[in-house]
Structures are given as C-alpha cells and as structure tokens.
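# Notes for the structure review
Okay, here's what each chain looks like letter by letter:
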Amino acid sequence: KDNAVSQGWWTVQPGACAKAMTNALSSDAVYILAQRKSGGTLVGGPQRFCTTTAAFEIRGNAHCAGRGFADSGFAATRTRGLSGYVAHIGPGGLNRGS
C-alpha cells in the first residue's frame, strides 16, 4: 500500500497495442483499469487506486478524494515470477487465458 503507484491514461485503438510499463516486473500483481473512451469500464475490480481524468502518476492509494482524485477499482493480474506481462483486452474485457 505504501508503494502503490497508479498511472494513466493510454489511448489504444482497437486491434492495437500500447506499452504501459517498460521496467521488468518486481511485484506479484499488476492492476488494470480499462475504460471505453465513450465511458464505461471494460476491465476493473476490487483493488482501489487513485485516478484522475488527465494523464497522471499518483503515489499512494489512500485518501484519494481528500487529495483531489477519484477512487477507482482495478483488476489484479498475476505476475509473480514473470519479467513481463501482456494484457489482452477486448470488447468483453480482460482475456484471462492470455
């Protein structure tokens, strides 16, 4: 919790890719929130992180509203032991088989 960092946003066209992280992974999970440009969540979950509507890098995930941020739900991905991770997100959300 003390080391939590949320970053966003990347605009990804349908069928395209975006590299959101370039460092080797050192955590057991990466958390993802994907939203449609027109609104609505494609991928989300119970883990809470701070977000805002503009491009951001926010340290810490506590007291989001008190710091002027939204509190948003992210989905966990398992990355333990992996040096990298590719999230395949389609119209139905996160393809967990990838």
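Residues numbered from 1 in each chain as written. Predicted model: local features only at pLDDT ≥ 70, side-chain atom pairs only at ≥ 80, totals over all residues. Heavy atoms only, no water.

### Thoughts on unusual backbone geometry
The line we're drawing: Under the DSSP-based scheme used, a helix requires at least four consecutive residues in state H or I and a strand at least two consecutive residues in state E, with every element numbered from the N terminus. Partly exposed residues are those whose accessible area sits between 20% and 50% of the maximum for their type, while under 20% is buried and over 50% is exposed, using a 1.4 Å probe and protein chains only.
Along the chain, Gly8 connects to Trp9 via a cis peptide bond; the corresponding omega equals -10 degrees. By secondary structure assignment, the location of Trp9 is in the loop between strand 1 (5-8) and strand 2 (29-32). One non-glycine residue, His63, lies in the positive phi region at around 55 degrees. Classification of His63 as exposed rests on a relative accessible area of 67%.

### Some details on the state of the cysteines
Stated precisely, the cut-off is as follows: The disulfide criterion used throughout: a pair of cysteine sulfur atoms within 2.5 Å.
All told, the structure shown has 1 disulfide when counted by the stated rule. Across a sulfur-sulfur distance of 2.0 Å, Cys50 and Cys64 are joined as a disulfide pair. Between Cys50 and Cys64, the disulfide has an S-S torsion of -85 degrees and is therefore left-handed. Here Cys64 lies in the loop between strand 6 (56-59) and strand 7 (70-78) and Cys50 lies in strand 5 (residues 47-51), a separation of 14 residues in the sequence.

### Some points on the sheet that holds strand 5
Where we set the bar: A pair of strands counts as paired when DSSP detects no fewer than two bridges linking them. Only the contacting stretch of a helix is used when fitting its axis, a line to C-alpha atoms as for every element, and angles between N-to-C directions run 0 to 180 degrees.
Read from one edge of the open sheet, 3 strands run 2-7-5, paired in antiparallel fashion. Two strands in the sheet have a free side with no partner beyond their single neighbour: strand 2 and strand 5. If you compare each strand with its neighbour and ignore which way they point, the axes differ by 50 degrees on average. Pairing of strand 2 with strand 7 involves 4 bridges; the strand directions are antiparallel. Looking across to strand 7, one finds that Ala29 is bridged to Arg78.

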